[in-house]
Amino acid sequence: MVGTAPLTARWSNWAGNQRGSATAILRPASPDDVTEAVLDAAATGHRIRVAGSGHSFTAVALADDRRMDLSELATTVSVDVERRLVTVPAGMTLHALNGLLARHGLALPNLGDIDAQTVAGAISTGTHGTGAGYGCLSTFVEALTLVTGTGEVLRCSADEHPDVLAAARVSLGTLGVLVEVTLRCVDAFVLHAHERPAALADVLADLPALVGGHDHVEFYWFPYTSRVQVKTNNRVPVNDRPLPRWRGWLDDDFLSNTVFAAACRLGRAVPALAPGISAVSARALTERHYTGRSDRVFCTPRRVRFVEMEYGLPREALPEALAALQRIVEGLPFKVLFPVEVRFTAADDIWLSHGYGRDNAYIAVHQYVGTPYEPYFRAFEEVAAGLGGRPHWGKLHYRDAASLAAAYPRFADFQAVRDRLDPNRVFTNPHLTHVLGA
């Protein structure tokens, strides 16, 4: 049976900017429990939203009726080492998945910089890492099983319901409850990470060679400066240069979290200090090389709370977008406390993926919690939208269904699948009505 409970606490996301109450909390233990819950909601006119780890900044997972928690959902875990396929419960976290794969000599081909998200949450919002040859994490999905808004259980793959697979790999959770996901993996691998400071102008001048010459490239621009920190990750045969534990703690825990949090609090309290803090941060980061297991290099701890907007842009639009962003930052009536992150992905064929049909450059703008951000984000969005940008579904944006339909060539096809799988809109909330239509 489906476990239910009256609301005992309000739900909030990781950043704390999305908060709400549900009328009931559903904790299914099996796919049959999910079906039962969906059929009951459809028959009684209720709505269900599945909440994962709360790492979306939008209200995509916010339940104004019933909230479903998949942490107790049990499905079979299957690892096929020879075919490099793994099938896991959709509520499993990426952190747990990475550990499972490592124990079998496998790994995901790419990851973002955190691993707290559930598998369902990560693929449903188009979570991505960086690398010119890699699409978002949803491109690794070989098959999935979902319970639709009519209670039907669909197993979707290239051979079964391929149109549903094309839509469901990035669906914002609007087509059904994902209960199981099959992912294509690769043999476990080691990454060599190289982090170095550089001038923004030099990076942009050499961008095609930089992005094309490494497996994974990203950089961070420090507002009010001309400086960036560049990070490249490349596959190597052996883990012969591991980061000493003390250095990892110093750089990734103490400096990147404890010290940075203190600097953000100071900048929030005394905004005039923000440009100086940014300049010191840009100069304080030194060059380092190290090797490590792929997921441990890709993913780092994130304990400093922030809100974020991210846009995927045609790669050739990146210099123009960054130049406009520099002007925006200089003209704001408040100060920006966080670096700007730039990443790259390959084109894919997933209907609502930010990378549908094109190679992308991503620009992510952040602001420390408790500081103004909306004028900053809106100004950047105006620039990004004008350059053909598509907002990350899990990051803050102000677009509506009409403007997004023009940005996604298969938007109408997605809506047709949604109408078929969830005709009564069991899986919706006000935010989804705004971005996808009624």
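Placed above this text is the structure.
All of the points below concern the structure found in this document.

### Let's talk about the overall build of the protein chain
Along the protein chain, the regular secondary structure elements total 14 helices and 21 strands. For 438 residues, the compact-globule formula gives about 22 Å, and the C-alpha radius of gyration of the protein chain, at 21 Å, lands near that figure. With the C-alpha coordinates aligned to their principal axes, the bounding extent of the protein chain is approximately 60 × 50 × 40 Å. Long-range pairs, those at least 24 residues apart, make up 74% of the contacts in the protein chain between residues at least 6 apart in sequence.

### A few points about the nonpolar core
Grouped together as the largest cluster of nonpolar side chains are 64 residues, with contacts concentrated most on Leu-97, Leu-183, Leu-352, Trp-393 and Leu-436. Sorting elements by how many residues they give to this core places helix H4 (residues 162–168) first, with 5 residues. Apart from residues lying up to four places away in sequence, Leu-436 is in contact with Leu-172, Thr-174, Leu-352, Trp-393, Ala-401, Phe-411, Phe-414, Gln-415 and Arg-418. Counting 50 residues, the second-largest nonpolar core is a separate cluster that includes Ala-317, Val-342, Phe-344 and Ile-363.

### A word on the sheet that holds strand E21 (residues 390–391)
Spatially, E17-E14-E16-E15-E19-E20-E18-E21 is the arrangement adopted by the 8 strands of the open sheet, whose pairing is antiparallel. Since the sheet does not close on itself, it has two edges, and those belong to strand E17 (288–293) and E21, each with one partner. Both strand E14 (residues 190–199) and strand E16 (residues 227–236) contribute to a ladder of 10 bridges, which runs antiparallel. For Ala-199, the partnering residue across the bridge sits in E16 and is Arg-227.

### Observations concerning the pairing of strand E15 (residues 216–221)
Of all 6 residues in E15, 5 are buried; the element is thus mostly enclosed. Where E15 folds back onto E16 in an antiparallel hairpin, the turn is made up of 5 residues, including Tyr-224, whose phi is positive at roughly 70°. As paired elements, E15 and strand E19 (residues 340–345) share 3 bridges and run antiparallel to each other. Residue pairing in the sheet places Trp-221 in a bridge with Val-340 of E19.

### Quick word on the sheet that holds strand E10 (residues 141–148)
The strand order across the open sheet built from 5 strands is E7-E8-E12-E10-E11, with neighbouring strands paired in antiparallel fashion. Of all the strands in the sheet, the pair left with one neighbour each is strand E7 (78–80) and strand E11 (153–156). Adjacent strand axes in the sheet meet at a mean angle of 15° when their direction is disregarded. For E10 and E11, the ladder comprises 4 bridges, and the chain directions are antiparallel. Each bridged residue has a counterpart across the sheet, and for Thr-145 the counterpart in E11 is Arg-155. Contacts from helix H2 (residues 94–103) reach E7, strand E8 (85–89) and strand E12 (176–184), with the element oriented near 145° to E8.

### Details of unusual backbone geometry
With phi around 50°, His-161 is a residue other than glycine that occupies positive phi space. Following the sequence through the fold, His-161 ends up in the loop between E11 and H4. Residue Tyr-224 is not a glycine yet carries a positive backbone phi of 70°. One can find Tyr-224 in the loop between E15 and E16.

### Some points on the state of the cysteines
Throughout the structure, instances matching the rule amount to 0 disulfides. Unpaired in terms of disulfides, Cys-156 finds its nearest cysteine sulfur in Cys-136, a separation of 17 Å.

### Examining helix H10 (residues 318–331)
Given a rise of 1.5 Å per residue, 14 residues ought to cover 20 Å, and the 20 Å separating the end C-alpha atoms of H10 matches this to within 8%. Inspection of H10 places Leu-318, Ala-321, Leu-322, Ala-324, Leu-325, Ile-328 and Val-329 among the buried residues, and these make up the whole buried set. All buried residues of H10 fall inside an arc of 165° around its axis, so they share one side. Exposed side of H10, more than 90 degrees from the buried face: Glu-320, Arg-327, Glu-330 and Gly-331 are the residues found there.

### Observations regarding the pairing of strand E18 (residues 306–314)
With respect to burial, E18 is a largely interior element, 9 of its 9 residues being buried. Sheet topology note: the E18/strand E20 (residues 360–368) ladder contains 9 bridges and is antiparallel. Bridge assignment links Met-309 to a residue of E20, and that residue is Val-365. Bridging between E18 and E21 involves 2 bridges; their strand directions are antiparallel. In the sheet register, Gly-312 faces E21, and the bridge partner there is Arg-390.

### Some words on the environment of Val-119
One can find Val-119 in helix H3 (residues 119–124). Residue Val-119 is classed as buried on the basis of its relative accessible area, which comes to 2%. Sequence spacing of Val-119 and Ala-90 is 29 residues, and the spatial spacing of their C-alpha atoms is 5.3 Å. When near neighbours in sequence (up to four residues on either side) are disregarded, Val-119 contacts Val-88, Ala-90, Met-92, Leu-94, Leu-97, Val-181 and Leu-183.

### Focus on a nonpolar patch on the surface
On the surface, Leu-266, Val-270 and Leu-273 cluster together to form a nonpolar patch covering roughly 220 Å² of accessible area. As for its position among the elements, Val-270 is in the loop between helix H7 (245–269) and helix H8 (274–284). We classify Val-270 as partly exposed; its relative accessible area is 37%.

### Brief notes about the pattern of salt bridges
Applying the stated rule across the entire model yields 21 salt bridges. A salt bridge links Arg-235 to Asp-215; the nearest nitrogen and oxygen atoms lie 3.8 Å apart. You can see Arg-235 sitting in strand E16 and its partner Asp-215 sitting in the loop between helix H6 (207–212) and E15, a full 20 residues away along the chain. Given the relative accessible area of 26%, Asp-215 is considered partly exposed. Through salt bridges with shared partners, one network takes in Glu-308, Glu-310, Glu-341, Arg-343 and Lys-395.

Quick notes on the rules
- Residues numbered from 1 in each chain as written.
- Predicted model: local features only at pLDDT ≥ 70, side-chain atom pairs only at ≥ 80, totals over all residues.
- Heavy atoms only, no water.
- Helix = DSSP H or I, 4+ residues; strand = E, 2+ residues; numbered from the N terminus.
- Rg over C-alpha atoms; globule rule 2.2 N^0.38 Å.
- Contact = heavy atoms within 4.5 Å.
- Core = buried A, V, L, I, M, F, W, Y, C linked by side-chain atoms within 4.5 Å.
- Buried < 20%, exposed > 50% of the residue type's maximum accessible area, 1.4 Å probe, protein only.
- Pairing = 2+ DSSP bridges.
- Axes fitted to C-alpha atoms, helices over the stretch in contact; angles between N-to-C directions.
- Disulfide = S-S within 2.5 Å.
- Expected span 1.5 Å × (residues − 1).
- Arc of directions from axis to C-beta.
- Patch = residues over 30% accessible without salt bridge, like charges linked within 9 Å, V, L, I, M, F, W, Y side chains within 5 Å.
- Areas by Shrake-Rupley, 256 points an atom, 1.4 Å probe, with all protein chains shown as cover.
- Salt bridge = Lys/Arg side-chain N within 4 Å of Asp/Glu carboxyl O.

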